[in-house]
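Each chain is listed here by its residues.
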Amino acid sequence: MNNEMWIHESKARCETMGIDPSAVPSFSTVFSEEELKKKRSEYEEIISVIDFFVHRMLELMKGLPLLILISDEKGCILKMAGDEAIKNIVSQSGIQVGLVFMEEEAGTNSINLALEHREPFQLIGKDHYYRFLEMSACYSVPFQYTDINNLLGTITIMTTIDQHNPFLLAMLCTVVDSIERELLLKKQNRRLHLLNQVVIETTRNGIIITDKDGKITEYNQFAEYITDLKKQEVLHKSIAELKVSHYINEVLHHGIVYEDMELSIKQQNQDEKLVCLFDAFPIYDENKVIMGAFAQFRDITERSKAEKQINHLAYHDDLTGLPNRRFFTQHLAKLLEVPGTEQNPFAMMFLDLDSFKKINDNLGHNNGDTLLKLVASRLKNCCRSSKQIVSRMGGDEFTILLKEIASQSEVLHVAEEVIKAFEVPFEVDDYEFYITASIGIAFYPHDGTDAETLMKHADIAMYLAKDSGKNNYAIYKAAKSSIGLEQLTLESSIRKGLQNNEFVLHYQPQIDVETGNIIGTEALIRWNHPTLGIIPPSKFIPIAEETGLIVPIGEWVLRTACKQNQKWIEEGHKPMKISVNLSTRQFLKRDLAEIVHSILIETGHDPRLLELEITESMTMDVDFAVEVLGALKNLGIKICIDDFGTGYSNLYYMKLFSIDRLKIDQSFIRDIMTDVIDADIVSTIIAMAYNLGIDVIAEGVETEDQLNYLKRLKCREVQGYFYHKPMPADQLDQLLLDH
């Protein structure tokens, strides 16, 4: 019978007992403080051993929201440790230290299943019987005294479902194996002392006993195995031949006790070293005089391997085997701890695969993972020096740290080698295709002296490489010194402005020229700086673009605009479309559609009433644009090309991208009455767009002559100062009431 069948049977029993899965369980058996104190006293040694391993495990998995529960053989929770947020949520559900888990109250749960079947169990999401646990993942492993198969209890890891990983159960099994071995060893050590330190030859510890002069009197077979010395070679001889002779001499001459000293021992004809815990203490006669020494080696090689494996997995990417983000950031922090006068220059590269999402969508995520492993292999081949560290930051983003560089050209050579490595096609599942990468480079100390600045500047340079056509590298270029101080001040102020709600939206109505009715509005950001006053977008938007702050600003604009439009609708105004501008940085983010979808759900806004405005330059990578715009269109959102006529796109691509509306740039409208070429361009755009089934809106309409001319061209929608300037939400609210 497998775990799935046992889980199914448990759920069936719970249904038969009439347990309501939508309720919060009510627990009837909770130990009193006195009972819990007594139980903990019985488990004192066991808990101390478990605490050691749990502490190591939590340290290695730092950053993950984990809660660890220890229960006895009856399901009583003896201890909880780990993430406080999860602990609070669990406590609110009635789960606390001293509680006794029983299936008839707790429903289907991993603790009771592990105790009943003496098997490891994992319950993920809907495996739980109670619905309030469906957003969690639980892993339970029973532990026991292995020599008598005496069940002692369970250890459980509880985390959020998005952190589910089968490795957690495998890791917990490894930890429990180590705990059982340690419990067994401690039990054996007690027996040794109780039997007046008489050595049992069959113990799995290497035992050495000496007399008061340091002559070896006992030497068991495991000591032979560990030290590569035969009993007959050392018996009745001095301990001088042993590598631990110094410690035993300290025991004999000074009564010093050594416990749990970790030693690495190289054996003959063995590639791997043994890892042992070494203990040594004096043996006294009836007069408390030292009559000899007792020493033992406890082989913890497997436990050490497990700890190293846990450590490796904590600091390495499980897909590619490369160092992960945690390793990279900690290594960079240590590198920057070296005083500036002693620190050698180094460089940092940010690498992002171009159009990787198409691989996942067309070939599937498994093949996408295969590609990432192939990419990792090529990057390692390009960076073989011990001073060059390749890491995977997540998704298709990688970093390369180049330490102790002699010159900038050395770094550029590596970048060129990486770009060249991508010229060879990749083969995945009988498919052969090319994929490229964009690389951003920042240098220490020229481009920054702290981790955040260096990473930000390398990221900015990477986007510059993408903006310049991808499949290339770019070096971070700092702003000109003449505006450097102002830029730094504004950059810091932008961050504070977001935190302090200094940004506001103004709304410019969009008008139906035939009726004069307001049919929509465009959301435009304004910054009311507390000391500098109103700062025009032309001054802070470029800085926000360069620093990457445009992404949180853009999300704030989208969220605020949707909330405001939804508020107008709920107040009884006729539903109208609201237009929001996207930045290049936002458009290039692979999770753009997910973010927009999340904001629509959060605000309750109808996607059909949202229009996102993009620029022509964003659509230069046609394949990427089709992919992103398709995902947005699938949400029901309208797409508008802003400033049409100033970029590089053509009307054929507008149809390919499923564009809903073109906004004719105000530079053409401004001179439409005096410049024949501008007038012809506007006329052509309107006619061809309507032939393709695409709507048109003209911006920057300031005079009645311009409006009448556009009417003659059948342009149905306009916006501009002739009708209304951009205005705060409350003014537009009054305007809507007047209409």
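Refer to the structure above for everything that follows.
Described below are features of the structure shown in this document. (Residues numbered from 1 in each chain as written. Predicted model: local features only at pLDDT ≥ 70, side-chain atom pairs only at ≥ 80, totals over all residues. Heavy atoms only, no water.)

With that out of the way, let us pick up the layout of surface pockets. Taken as a whole, the second largest pocket encloses approximately 690 Å³ of empty space. Forming the boundary of the second largest pocket are 27 residues, of which Asp352, Glu397, Asp459, Tyr463 and Lys589 lie nearest the centre. For the lining of the second largest pocket, the secondary structure elements donating two or more residues are strand E11 (346-353), helix H13 (356-363), helix H16 (451-467) and helix H20 (584-588). The dominant element in the lining of the second largest pocket, judged by the number of residues it contributes, is H16, at 6 residues. Its residues placed into classes, the lining of the second largest pocket shows 8 nonpolar, 5 polar and 14 charged. (1 Å grid on protein atoms, 1.4 Å probe; cavity = no way out; pocket = protein on both sides within 12 Å on 5 of 7 lines; lining within 4 Å. Points joined across faces, edges and corners; volume = space filled by probe spheres on them. Helix = DSSP H or I, 4+ residues; strand = E, 2+ residues; numbered from the N terminus. Nonpolar A, V, L, I, M, F, W, Y, C, P; charged D, E, K, R; others polar.)

Glancing now at empty space enclosed by the protein. Scanning the model with the defined rule gives 4 cavities of 30 Å³ or more in all. Put simply, the largest cavity is a space of about 170 Å³. Lining the largest cavity are 16 residues, with Ile95, Phe101, Asn109, Leu133 and Cys138 sitting closest to its centre. Going through the elements one at a time, helix H6 (110-117) and strand E5 (150-160) are the ones with two or more residues in the lining of the largest cavity. Its residues placed into classes, the lining of the largest cavity shows 12 nonpolar, 4 polar and no charged. The volume enclosed by the second largest cavity comes to roughly 80 Å³. Put simply, the parts of the chain that give the lining of the second largest cavity at least two residues each are helix H3 (44-60), helix H7 (166-194) and helix H11 (301-315). Looking at the lining of the second largest cavity residue by residue, the classes come out as 6 nonpolar, 2 polar and 3 charged.

Turning to the sheet that holds strand E4 (residues 136-145), a few remarks are in order. Taken in spatial order, the 5 strands of this open sheet run E2-E1-E5-E4-E3, and their pairing is antiparallel. Here the strands that pair on one side only, and so sit at the sheet edges, are strand E2 (77-82) and strand E3 (121-124). In this sheet, neighbouring strand axes are inclined to one another by 15° on average, regardless of whether the strands run parallel or antiparallel. Across 5 bridges, the pairing between strand E1 (residues 66-72) and E2 is antiparallel. Counterpart to Leu69 in the pairing with E2 is Met80. Here helix H4 (residues 84-92) sits on the sheet and contacts E1, E2 and E5; the angle it forms with E2, its principal contact strand, is near 140°. (Pairing = 2+ DSSP bridges. Axes fitted to C-alpha atoms, helices over the stretch in contact; angles between N-to-C directions. Contact = heavy atoms within 4.5 Å.)

Moving on to the sheet that holds strand E7 (residues 216-219). What links the strands of a sheet is backbone hydrogen bonding, and the strands pair in either a parallel or an antiparallel sense. Here we have 5 strands laid out as an open sheet, ordered E7-E6-E10-E9-E8, and antiparallel in their pairing. Of all the strands in the sheet, just E7 and strand E8 (258-265) have a single pairing partner and so form its edges. Taken pair by pair, the neighbouring strands of this sheet meet at an average axis angle of 20°, ignoring direction. Summarising the sheet, strand E6 (residues 206-211) and E7 pair through 3 bridges and their orientation is antiparallel. Bridge pairing in E7 places Ile208 opposite Tyr219.

Turning next to the packing of aromatic side chains. Tallied over the entire structure, the rule returns 18 aromatic pairs. A ring pair is formed by Trp527 and Phe540, whose centres lie 5.4 Å apart and whose planes are at 85°; its orientation type is edge-to-face. Residue Trp527 is located in strand E19 (residues 518-529), and its partner Phe540 is located in helix H18 (residues 537-547); the two are separated by 13 residues in the primary sequence. Of the two residues examined, Trp527 and Phe540, each falls in the buried class. With centroids separated by 5.2 Å and ring planes inclined at 85°, the aromatic side chains of Phe722 and Tyr723 adopt a geometry described as edge-to-face. Phe722 gets classed as partly exposed once you look at its relative accessible area, which sits at 32%. (Phe/Tyr/Trp six-rings, centres within 6.5 Å; stacked < 30°, edge-to-face > 60°. Buried < 20%, exposed > 50% of the residue type's maximum accessible area, 1.4 Å probe, protein only.)

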